[in-house]
Amino acid sequence: MNMFLLQAAQAAPQGGLSSWSSLIFFAVIILIFWLFFIRPQSKRQKKLQQERDALAVGDAVITAGGVHGEIRKVNEQTFEVEIARDVCIEIAKSSVYPLGTDPNAR
């Protein structure tokens, strides 16, 4: 029993140091993850949202489904897009990209 207590007392200072190094390691991993994944993605999303807000009547667009067209009407949440002569469809703004913008680009 005494031997067990002596071993536990000797391991305590090492355990405290180890827990700090583990905490620092996880903080560094989270920082790297944020710098390389979260921050660039949020910048891309912000840029894409600005491009969508700048779209106006007459602009050429491509939908998330790959349909090309031209904006005929801008509503609050949707665009009315002409995909062929006298054929218009209503598309959610979140699924429309300015023509020339690759939605999968990094």
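For the structure, see preceding data.
One structure accompanies this document, and this report is about it.

Scoring rules and cut-offs
- Residues numbered from 1 in each chain as written.
- Predicted model: local features only at pLDDT ≥ 70, side-chain atom pairs only at ≥ 80, totals over all residues.
- Heavy atoms only, no water.
- Helix = DSSP H or I, 4+ residues; strand = E, 2+ residues; numbered from the N terminus.
- Buried < 20%, exposed > 50% of the residue type's maximum accessible area, 1.4 Å probe, protein only.
- Contact = heavy atoms within 4.5 Å.
- Areas by Shrake-Rupley, 256 points an atom, 1.4 Å probe, with all protein chains shown as cover.
- Salt bridge = Lys/Arg side-chain N within 4 Å of Asp/Glu carboxyl O.
- Pairing = 2+ DSSP bridges.

**Some points on the overall build of the chain**
Consideration 1: Secondary structure assignment for the chain yields 1 helix and 5 strands.
Consideration 2: Counting only residues that meet the buried cut, the chain has 15% of its 106 residues in that class.
Consideration 3: The contacts in the chain between residues at least 6 apart in sequence include a share of 34% that link residues at least 24 apart.
Consideration 4: Carbon and sulfur atoms make up 61% of the accessible area of the chain, which amounts to about 8300 Å² in all.

**Re the pattern of salt bridges**
Two side chains carrying opposite charge are able to pair once their charged atoms lie near each other.
Consideration 1: Following the criterion strictly, the structure yields 3 salt bridges and no others.
Consideration 2: Among the ionic pairs, E70 bridges to R72, the shortest N-O distance being 3.0 Å.
Consideration 3: The exposure class of E70 is partly exposed, given its relative accessible area of 29%.
Consideration 4: For R72, a relative accessible area of 36% puts it in the partly exposed group.
Consideration 5: Within this structure, E70, R72 and E82 form a network of salt bridges that share partners.

**Notes on the pairing of strand β3 (residues 78-84)**
Consideration 1: Where strand β2 (residues 68-74) meets β3, 4 bridges bridge the pair, whose relative direction is antiparallel. Pairing of I71 across the sheet is with V81, part of β3.
Consideration 2: Linking β2 back to β3 in an antiparallel pair, the connection comprises 3 residues.
Consideration 3: Both β3 and strand β4 (residues 87-92) contribute to a ladder of 6 bridges, which runs antiparallel. Bridged to F79 within β4 is I91.
Consideration 4: Taking the residues that link successive antiparallel strands as the turn, the β3-β4 hairpin has 2 residues, and the phi of D86 there is positive, at about 60°.

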